[in-house]
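# Architecture and fold: a report
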Amino acid sequence: MTTTLPLFAAFGIELEYMIVKRDSLDVAPVADQLIKKVAGEYTNEVNNGEIAWSNELVSHVIELKTNGPAASLKTLPAAFLKNLQQINELLGEMDACLMPTGMHPWMNPYRETVLWPHDNREIYDTYNRIFNCEGHGWSNLQSMHINLPFANDKQFAVLHSAIRVLLPILPALAASSPIVESRYTGKMDTRLETYRMNSVRIPSITGQVVPEVVSSKEEYRQKILEPMYRDISEYDPQKILQDEWLNSRGAIARFDRNAIEIRVLDTQETPMADLAIAAFIIETLKNLSSFEWSDTNQQNLLSNRMLSGLFLNTITSAEQTIIDDRAYLRVFDFPDKKASTQDLLVYLREEIDMEDHLPADANKFIDVIIKQGPLARRIVKATGTDVKKSRLQETYRALCNCIDKGTLFTGID
């Protein structure tokens, strides 16, 4: 993002996927081989028109992202789908394929983790030395990131406040990680549960996941970045990790590109679902940022303790989470004193206008997600809470097929 892009003038979308063996669906650490097939050499990133491919911390994960800021979301579902189909065709030559969702359902990270072995290895090795990246919160997680621009301090403060308010209920839309190590965890979004604990050795890196109230770049630097750099300096004297991306909150400021990056969204089964969720979020943030329901002062009165508590509840119960904080509901001008997150999402869907963002059928995707619950709820309905390996295999093979077909997962026969 450049310094000249105002609020909502463009969007950056990043989607992460697992690479798995086609027969067993076990993780396959061949991301470097995949990129080499296209680039002709081992490299961290390859451009493929509207979409770029890049590596992640571990070698069984590949990231697809918009190749620079996109002025519209409309062409992105088709562009991501085309690239995913191309990747699957290349992976087929290695007896592998892509798997969606926020976590691999039976990966053992202590046996199967392979860190990216090429460029930027110094960064990954430093992370591994300090935090031990063999745990689920590091090596077994896939997400969608949404990057939203701001042009100045005023726009930054408004956007940051709006994101902070909306963030706690986003797992009700995007949770897709209820199964870990072949068992139902009791949480719809286990990825976020492990993610929030991955830097527990240095708590200032993640905070409470919900970011603190800040009103300017300078205040952000003093309140969030400097304590984080100070606390890690004992373990990182060469300052390898002391950059903005060290911040592991659920939304982080990227002043290097004048954007805020939202990071609490599990990857879905098809890019159309990811982009439908993104469009819903963007339009809701527009209303919050334009003071359609409340102003920044009112939004900033909501305590981090309350927002973080709501976030933790939504990680567990997703759309069934009960919101009984009247001040929170009033920020959206919601008429009742108590509601489920699903009730609030239904209300927001009626309040916002998504039609200009995506092809018309994307609206059907968001409506199914709100009505039936996030992908995690649909996965548990298919597998049951007493998970059998055969049923688990069948469910996740169907999810893999959704990538190529561009369809929502609504269950298996």
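Structural data are supplied above this passage.
Counting restarts for each chain, with residues numbered from 1 along the sequence as it is written. It should be noted that, the model being predicted, local features are given only for residues of pLDDT at least 70 and side-chain atom pairs only at 80 or more, the latter also being counted only at that level, while totals for whole chains, interfaces and linings use all residues. Calculation of side-chain values draws on the structure's entire complement of heavy atoms; hydrogens and water are dropped beforehand.

Looking now at the overall build of the protein chain. What the protein chain contains, in helices and strands, is 17 helices and twelve strands. A compact globule built from 413 residues would reach a C-alpha radius of gyration of about 22 Å, and the protein chain, at 20 Å, matches this within 12%. Counting only C-alpha atoms, the protein chain reaches 55 × 55 × 40 Å along its principal axes. Under the scheme applied here, a residue whose accessible area is under 20% of the maximum for its type counts as buried, over 50% as exposed, and between as partly exposed, the area being computed with a 1.4 Å probe on protein chains only. By residue count, 61% of the 413 residues in the protein chain fall in the buried class. Numbering of helices and strands runs from the N terminus, with a helix taken as a DSSP run of H or I at least four residues long and a strand as a DSSP run of E at least two residues long. Here the globule rule reads 2.2 Å times residues to the power 0.38, and the radius of gyration is calculated from C-alpha atoms.

Note on soluble globular proteins: their nonpolar side chains tend to be buried together. Grouping buried Ala, Val, Leu, Ile, Met, Phe, Trp, Tyr and Cys residues that are joined through side-chain atoms within 4.5 Å yields what is termed a nonpolar core. One finds I13, I19, I262, L285, Y328, F332 and L344 to be the most contacted residues of the largest nonpolar core, which totals 119 residues. Top contributing element to this core by residue count: helix α10 (residues 271–289), with twelve residues. Counting 19 residues, the second-largest nonpolar core is a separate cluster that includes V20, M99, I179 and Y396.

Counted as a void, the largest pocket has a volume near 1,200 Å³. For the largest pocket, the lining is made up of 40 residues, of which E14, E56, E63, H145 and W245 are closest to its centre. If you list the elements that add at least two residues to the lining of the largest pocket, you get β1 (12–21), β3 (51–55), β4 (61–66), α4 (121–131), α5 (136–139), β6 (143–149), α8 (190–195) and β10 (259–266). Classifying every residue of the lining of the largest pocket gives 13 nonpolar, 16 polar and eleven charged. Any residue with an atom within 4 Å of a point lines the site, the site being either a cavity, points on a 1 Å grid over the protein atoms alone where a 1.4 Å probe fits but cannot get out, or a pocket, an open set with protein on both sides within 12 Å along at least 5 of 7 lines. Grid points are joined across faces, edges and corners, and a volume is the space filled by probe spheres set on the points. In the scheme used here, Gly and all other residues not listed as nonpolar or charged are polar, with Ala, Val, Leu, Ile, Met, Phe, Trp, Tyr, Cys and Pro taken as nonpolar and Asp, Glu, Lys and Arg as charged.

Let us look at helix α12 (residues 304–317). Between the first and last C-alpha of α12 there are 20 Å, a value that for 14 residues agrees with the 20 Å anticipated at 1.5 Å per step. Where α12 is concerned, the buried positions are N304, M306, L307, S308, L310, F311, T314 and I315. The positive-phi residue at the C-terminal boundary of α12 is A318, with phi of around 55°. Given the number of residues in a helix, its expected span is that number minus one, multiplied by 1.5 Å.

The next point concerns a negative patch on the surface. Patch membership is restricted to residues that have no salt bridge and whose relative accessible area is over 30%. Joining uses 9 Å for like charges and 5 Å for the nonpolar side chains Val, Leu, Ile, Met, Phe, Trp and Tyr. Note on areas: Shrake-Rupley with a 1.4 Å probe; residue coverage comes only from the protein chains shown. Take a side-chain nitrogen of Lys or Arg and a carboxyl oxygen of Asp or Glu: if they are within 4 Å of each other, that pair is a salt bridge. A residue counts as positive if it is Lys or Arg and as negative if it is Asp or Glu; His and the chain ends are not included. Just so you know, the charge point we use is NZ for Lys, CZ for Arg, CG for Asp and CD for Glu. A grouping of E292, D333, E350 and E351 is seen on the molecular surface, where their side chains present a negatively charged patch. Mapped onto the fold, D333 is located in the loop between α13 (326–331) and β12 (339–340).

Another point: the side chain of S161. Along the polypeptide, S161 turns up in helix α6 (residues 153–166). Judged by its relative accessible area of 2%, S161 is buried. Under the rule applied, a polar contact is a pair of N or O atoms within 3.5 Å (in protein, one hydrogen donor and one hydrogen acceptor; residues adjacent in sequence only if both atoms are side-chain atoms). At 2.9 Å, the side chain of S161 and the side chain of Q299 are in polar contact. Each residue touching S161, except ones within four places of it in the same chain, is listed here: T296, Q299 and N300. Residues are treated as being in contact if the distance between any of their heavy atoms lies within 4.5 Å.

Take the pattern of salt bridges next. A side chain with one charge can pair with a side chain of the opposite charge if their charged atoms come near. The final tally for this structure, using the stated rule, is 21 salt bridges. Measuring nitrogen to oxygen at the nearest pair gives 3.9 Å for the salt bridge that ties E63 to K65. Residue class for E63 comes out buried when judged on its relative accessible area of 5%. The shortest N-O distance in the salt bridge between E394 and R391 comes to 3.7 Å.

With that settled, the discussion passes to the side chain of H104. Along the polypeptide, H104 turns up in the loop between β5 (96–99) and α3 (109–112). Residue classification places H104 among the buried residues on the basis of a relative accessible area of 0%. A distance of 3.1 Å separates a polar atom in the side chain of H104 from the backbone nitrogen of W106. In this structure, H104 is in contact with M18, V20, L25, D26, V27, M99, N140, Q142 and I179, ignoring residues within four places of it in sequence.

A positive phi is found at D95, a non-glycine position, where the angle reads about 55°. With respect to the secondary-structure elements, D95 resides in the loop between α2 (76–92) and β5. A relative accessible area of 55% means that D95 is categorised as exposed. Of note in this structure, N132 is not a glycine but carries a positive phi near 60°. Take N132: it is sitting in the loop between α4 and α5.

Looking now at the packing of aromatic side chains. Stacked, tilted and edge-to-face are the three classes applied to pairs of Phe, Tyr and Trp rings, where Trp contributes its six-membered ring and a pair requires centres within 6.5 Å; stacked means planes under 30 degrees apart, edge-to-face means over 60, and tilted covers the rest. Applying the stated criterion across every chain yields a total of twelve aromatic pairs. Geometrically, the ring pair formed by F131 and W138 is stacked, given 5.3 Å between the ring centres and 25° between the ring planes. The two residues F131 and W138 agree in class, both being buried. Among the aromatic residues, ring-to-ring pairing joins Y127, F131, W138 and W245 into one connected group. The ring of Y195 has R191 lying over it, and the distance from NZ or CZ to the ring centre is 6.0 Å. Lying across the ring of W106, K389 places its NZ or CZ 4.8 Å from the centre. Distance and angle both matter: a charge sits over a ring if NZ of Lys or CZ of Arg is within 6 Å of the ring centre and within 35 degrees of the ring normal.

Geometric values such as these leave the question of function open.
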